[in-house]
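# Close look at the chain arrangement
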Amino acid sequence: MKHALISLLICWLFFTAHSCSVKHYGALQWPQVDKQEEVLCHSYYCFIYDTNHMQSRWLAYELAGEMTTGDARRSSRFFEDSLVLRGTANDDDYRGSGYDRGHLVPAGDMVFNDTAMRESFFYSNVSPQVPAFNRGIWKRLEENVRNYAQNLGMIYVVTGPVLDDDLPVIGGSNVSVPAYFYKAILVQNDSLNEAIAFLMPNERGEHRSLYRYSMTVSELERATGLNFFPQLGRRSTIEATVDTLFWQMYE
DNA sequence: CTGTAAAGC
DNA sequence: GCTTTACAG
């Protein structure tokens, strides 16, 4: 009890300079990673930052339905992330690049309080996205994910860029411009065990169904080299199948 | 902070 | 039309 109070005090003292150290997760487990790679966590999302590509390789968070309603005001600027000791990308990298600073954890998922909203504007949560993609089909996918959370209760989300070798770069920090972005989504409770993944090219989407870009989590794992939900175990059928009709029902 | 703009509801 | 996603000056 005493320790909890002390950490709350520390959290409060450093709140303006750092992200609050109190974490708000339930059973979140992040994607399996090499031992060399350091998983960093803010209050509402965890991530691994890839310094070669100057953006995160993945970000993982829990999204509950009630989180998607709130009125935290959207920040007008982005912030370098002090959790990343070797430094993140910055305003200059993106200025005049022709690319949007696209959120990976959507600001629209972080409206339930000001800490969450502010965290979503760290450069650890930003990748270069084609404007018509960010404001178009990627945004539509984000809205769908919020609907999943509202209709299913709580879901796990892992999202990020596909960081291949030899991508084009922008800015003085050489920020890679990904060719694809993905999301992996899992609902797991007493009555439901379902997962779905999306892999989308970083380009103006045609006016197609989102489910044209859907696949099993296993297929996305093969495409990205990541293991998204290690808590499911190696032989889980949840990752190996996808029921798009189920997910369409809960949009 | 103001103006502009595309996408999609 | 309005909102959300932004960028430029």
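So, a few notes on the structure that sits alongside this text.

Definitions and limits used
Residues numbered from 1 in each chain as written. Chains lettered and ligands numbered in written order. Predicted model: local features only at pLDDT ≥ 70, side-chain atom pairs only at ≥ 80, totals over all residues. Heavy atoms only, no water. Salt bridge = Lys/Arg side-chain N within 4 Å of Asp/Glu carboxyl O. Buried < 20%, exposed > 50% of the residue type's maximum accessible area, 1.4 Å probe, protein only. Helix = DSSP H or I, 4+ residues; strand = E, 2+ residues; numbered from the N terminus. Pairing = 2+ DSSP bridges. Contact = heavy atoms within 4.5 Å. Axes fitted to C-alpha atoms, helices over the stretch in contact; angles between N-to-C directions. Near = heavy atom within 4 Å. Polar contact = N/O pair within 3.5 Å; in protein donor to acceptor, adjacent residues only side chain to side chain. Nonpolar A, V, L, I, M, F, W, Y, C, P; charged D, E, K, R; others polar.

## Details of the pattern of salt bridges
- Applying the stated criterion to the full structure yields 5 salt bridges.
- Here aspartate 92 and arginine 95 are joined by a salt bridge, their closest N and O atoms 2.5 Å apart.
- A relative accessible area of 54% means that aspartate 92 is categorised as exposed.
- What makes arginine 95 exposed here is its relative accessible area of 57%.
- With its nearest N and O atoms 2.8 Å apart, the salt bridge here joins aspartate 100 to arginine 135. In this pair, aspartate 100 is assigned in strand β4 (residues 100-103) and arginine 135 in the loop between α4 (131-134) and α5 (137-152), connecting sequence segments 35 residues apart.
- Judged by its relative accessible area of 11%, aspartate 100 falls in the buried class.

## Points about the sheet that holds strand β6 (residues 154-161)
- Spatially, 7 strands are ordered β1-β2-β3-β6-β9-β10-β11 in an open sheet, and the strand pairing comes out antiparallel. Edge positions in the sheet fall to β1 (40-41) and β11 (214-215), since each has one partner strand and no second.
- The sheet strands contacting α5 are β3 (55-64), β6, β9 (180-188) and β10 (193-201), and the helix crosses β9 at an angle near 5°.
- Where helix α6 (residues 217-224) meets the sheet, its contacts fall on β9, β10 and β11, and the angle it forms with β10 comes to roughly 40°.

## With respect to the protein's contact with DNA strand B
- Surveying the vicinity of DNA strand B reveals the residues Arg135, Gly136, Ile137, Arg140, Arg204 and His207.
- When the atoms of DNA strand B within 4 Å of the protein are grouped by moiety, sugar and phosphate amount to 82% of the total.
- One of the side-chain N or O atoms of arginine 204 is found 2.3 Å from a phosphate oxygen in DNA strand B.
- Of the residues in the surface near DNA strand B, the class split is 1 nonpolar, 2 polar and 3 charged.

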